[in-house]
Amino acid sequence: MYSLNVPVPPAVERLAADLHPQLLAFDRVRERHTLVCKRFEANEGEYDRLRERLRVALSPAPSFGARVTGIDAFETPTHGPGPVVYLVVESPGLHDLHRRLVGAFGAVDDDLEGAGYVPHVTLARGGADAATVDRLRTLDIDPVTWTVSELHLWSRARREALWRVSLPRP
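Residues numbered from 1 in each chain as written. Predicted model: local features only at pLDDT ≥ 70, side-chain atom pairs only at ≥ 80, totals over all residues. Heavy atoms only, no water.

### A short note on the overall build of the chain
- Of regular secondary structure, the chain possesses five helices and nine strands.
- Scanning the chain from its N terminus toward the C terminus, one meets helices and strands in the order β-α-β-β-α-β-β-α-α-β-α-β-β-β.
- In terms of C-alpha radius of gyration, the chain reaches 16 Å, essentially the compact-globule figure of 15 Å for 170 residues.
- A principal-axis box enclosing the C-alpha atoms of the chain has dimensions of 45 × 30 × 30 Å.
- Within the span of the chain, comprising 170 residues, buried residues form 44% of the whole.
- Considering only contacts within the chain whose residues lie at least 6 apart along the sequence, 79% involve residues at least 24 apart.
- With an accessible surface of roughly 8900 Å², the chain has 49% of that area assigned to carbon and sulfur atoms.
- Between the centroid of the 21 positive side chains of the chain and the centroid of its 23 negative side chains there is a distance of 6 Å. (Helix = DSSP H or I, 4+ residues; strand = E, 2+ residues; numbered from the N terminus. Rg over C-alpha atoms; globule rule 2.2 N^0.38 Å. Buried < 20%, exposed > 50% of the residue type's maximum accessible area, 1.4 Å probe, protein only. Contact = heavy atoms within 4.5 Å. Areas by Shrake-Rupley, 256 points an atom, 1.4 Å probe, with all protein chains shown as cover. Lys, Arg positive; Asp, Glu negative; His and termini not counted. Charge placed at Lys NZ, Arg CZ, Asp CG, Glu CD.)

### A word on the side chain of S155
- Relative to the elements of secondary structure, S155 occurs in strand β8 (residues 150-155).
- Side-chain polar atoms of S155 contact the backbone nitrogen of R158, separated by 3.0 Å.
- With residues up to four places along the chain from it excluded, the contact list for S155 reads M1, Y2, E44, E160 and L162. (Polar contact = N/O pair within 3.5 Å; in protein donor to acceptor, adjacent residues only side chain to side chain.)

### Things to note about the nonpolar core
- Ranked by size, the top nonpolar core spans 48 residues in total, and within it L54, L58 and L87 carry the most contacts.
- The element contributing the most residues to this core is strand β4 (residues 64-74), with five residues.
- Residues within four places of L54 in sequence aside, it is in contact with L4, F40, L101, F105, L153 and W163. (Core = buried A, V, L, I, M, F, W, Y, C linked by side-chain atoms within 4.5 Å.)

Rendered as structure tokens:
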């Protein structure tokens, strides 16, 4: 399994670190923060073919803006334990790229990648009660805005980015 991820800037990492003490009621707190653009069902032997198909599908794909604007939650996530608390990411460019890639590769999971695709950076999941989730949702955070100029192809099996692609300025 692979995913094409948007690397998050240091300001988003700092925001997540600042929120860490308020996430201790959850079963799992994320230490590595990512923003998934698209998932791919491919085994390790299909890596070269996947990368070449991605190279074609991403050409041309310009850089685009993204912005973290708040905190929200999936009460009952599609997979795994809930709730899942996350940073909300607003990005029309990311939505456009996601739709383009779903058109080229299909959806791995219609609930995650269909019309319900929600760009987000997961902070924590499982075990917290509704009051904790509601308190986090009401936190006032300073928005973080950045330009997405690079994407990473992440290998779940190897737990590392195997390929990086630069997105040119429009």
